[in-house]
Every structure is written in C-alpha cells, then in structure tokens.
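# Understanding the architecture of this molecule
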Amino acid sequence: SYQIDVCIIDTHPGFEQINNVWFAFTSFLLVVSRLNDLDIRNMSQLLQDINIEDIEKKLVIFNNVQYRDDQVLKDIKNEEMLSKFNEYIRGDGIKKEISGSLSCNGYYCGKVEFFPNPILYSKELAIYQKEGDRKSIFCDNYPGDEFTIRMHDLSLKIAEFFKKRL
C-alpha cells in the first residue's frame, strides 16, 4: 500500500480534480493559499470536498508570494498582508467560510487548523531564485530570513503531528 507523509496543495490558480487520488494516500494535508478572493474561494471548495473528510490533519498556511514567469513576486505589501491576516485570524467569519465548520476555537475550525503566521515575501529569496549557479539551500544561507523562520516553524508543526502518531 502507498502512503504520502504530507500532501501539499497550492490553491492558485485552482485545484484540479485529478489530484483527488492523492487524498487517499495521506494523513496530513497542507494547503498553501494567498489572501485573495479567488484563492480563498478555491481553498474553501477544497476543504469542504467530501474526499478529504477522512484526512487526519488539515493545516492551512497563508502566503504573500506568487511565482509567475519564473519570477518570485509579492502579492501585496507585507504590512498589508499582515494586517489582513490578523483581521482574518482574529475573527471567525472567514475561517468558518473556508473550513465549512460552524464552530471555531482559536486557530482551529472543525478539523481545519490555521497556521498562526503567514509566509511573507522575501526579497532575498526572490533574488536567490534568480541566481543561476547556486549550490546550496536558501534556508542554510539565510537562517534569519522571514521565509527561513517560517519554514522552520512549519517543519516543527509537521514533525509534531507525526511524533504524536508514533
């Protein structure tokens, strides 16, 4: 039998139904989304899909990064993103809409958890992506960068889930 440790879904520009097959093989679904109407609508449809109902862990993380035409760009200014994120996370309305749940408790709405910190745009990451002759991982070279810190936090969250299952 096959098993996927973590299935990562990016909600932009949309979710292909063919990807439903992967849901049967994972116990951890990580959904990456930007804070715009299209991505939120796509994420809401995905999280309310009957095919993911049995997935043990569903974690949503918002980001302010877009990748287009081989360029890493920011969706909106990081300050605007943080303000919008804090507004959404403090209130339950958007979390209920996304999760399809009637009740929320902090970062949890039903079976969906919202990661407490977004991935912000990193100029260093955008520049690093353009460098053609890199032979190392960005996070190793920029340990204090916001992106590196967020990836570290996210990896700890994923490890915590699997540690509890042992």
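For clarity, every value in this text was computed on a predicted model and none was experimentally measured.

## Looking at the environment of Arg150
Following the sequence through the fold, Arg150 ends up in helix H7 (residues 146-165). Take Arg150: its relative accessible area is 9%, and that puts it in the buried class. Along the primary structure Arg150 and Ile119 are separated by 31 residues, whereas in three dimensions their C-alpha atoms are 6.2 Å apart. When neighbours within four sequence positions are excluded, Arg150 is seen to be in contact with Ile61, Phe115, Asn117, Pro118 and Ile119.

## Things to note about the state of the cysteines
For the structure on display, the rule yields one disulfide. The partner cysteine of Cys104 in its disulfide is Cys109, sulfur to sulfur 1.9 Å. Between Cys104 and Cys109, the S-S dihedral sits near 100°, and the bridge is therefore right-handed. The exposure classification of Cys104 matches that of Cys109, with both residues buried.

## Details of the environment of Lys95
Inspection of the secondary structure puts Lys95 in helix H4 (residues 93-99). The spatial distance from the C-alpha of Lys95 to the C-alpha of Gly110 is 9.7 Å, given a sequence separation of 15 residues. Here Gly106 takes part through its backbone oxygen, which lies 2.7 Å from a polar atom of the side chain of Lys95.

## Focus on the sheet that holds strand S2 (residues 28-34)
Across the sheet, which stays open at both edges, the six strands sit in the order S1-S2-S3-S8-S7-S6 with mixed pairing between neighbours. Looking at which strands have only one partner, the edges of the open sheet turn out to be strand S1 (7-10) and strand S6 (104-105). As paired elements, strand S3 (residues 57-63) and strand S8 (residues 112-114) share three bridges and run parallel to each other. Note on S8: the bridge partner recorded for Val60 is Phe114. Seen against the sheet, H7 touches S2, S3, strand S7 (108-109) and S8 and runs at an angle of roughly 175° to S3.

## Remarks on the packing of aromatic side chains
Tallied over the entire structure, the rule returns seven aromatic pairs. Seen in terms of ring centroids, Phe28 and Phe162 are 6.2 Å apart; in terms of plane orientation they differ by 20°. Their pairing is stacked. Linking Phe28 in strand S2 with Phe162 in helix H7, this pair joins segments that are 134 residues apart in sequence. When its relative accessible area of 0% is taken as the criterion, Phe28 is described as buried. Taken together, Phe28, Phe161 and Phe162 form an aromatic cluster joined through their ring pairs.

Parameters and conventions
Residues numbered from 1 in each chain as written. Predicted model: local features only at pLDDT ≥ 70, side-chain atom pairs only at ≥ 80, totals over all residues. Heavy atoms only, no water. Helix = DSSP H or I, 4+ residues; strand = E, 2+ residues; numbered from the N terminus. Buried < 20%, exposed > 50% of the residue type's maximum accessible area, 1.4 Å probe, protein only. Contact = heavy atoms within 4.5 Å. Disulfide = S-S within 2.5 Å. Polar contact = N/O pair within 3.5 Å; in protein donor to acceptor, adjacent residues only side chain to side chain. Pairing = 2+ DSSP bridges. Axes fitted to C-alpha atoms, helices over the stretch in contact; angles between N-to-C directions. Phe/Tyr/Trp six-rings, centres within 6.5 Å; stacked < 30°, edge-to-face > 60°.

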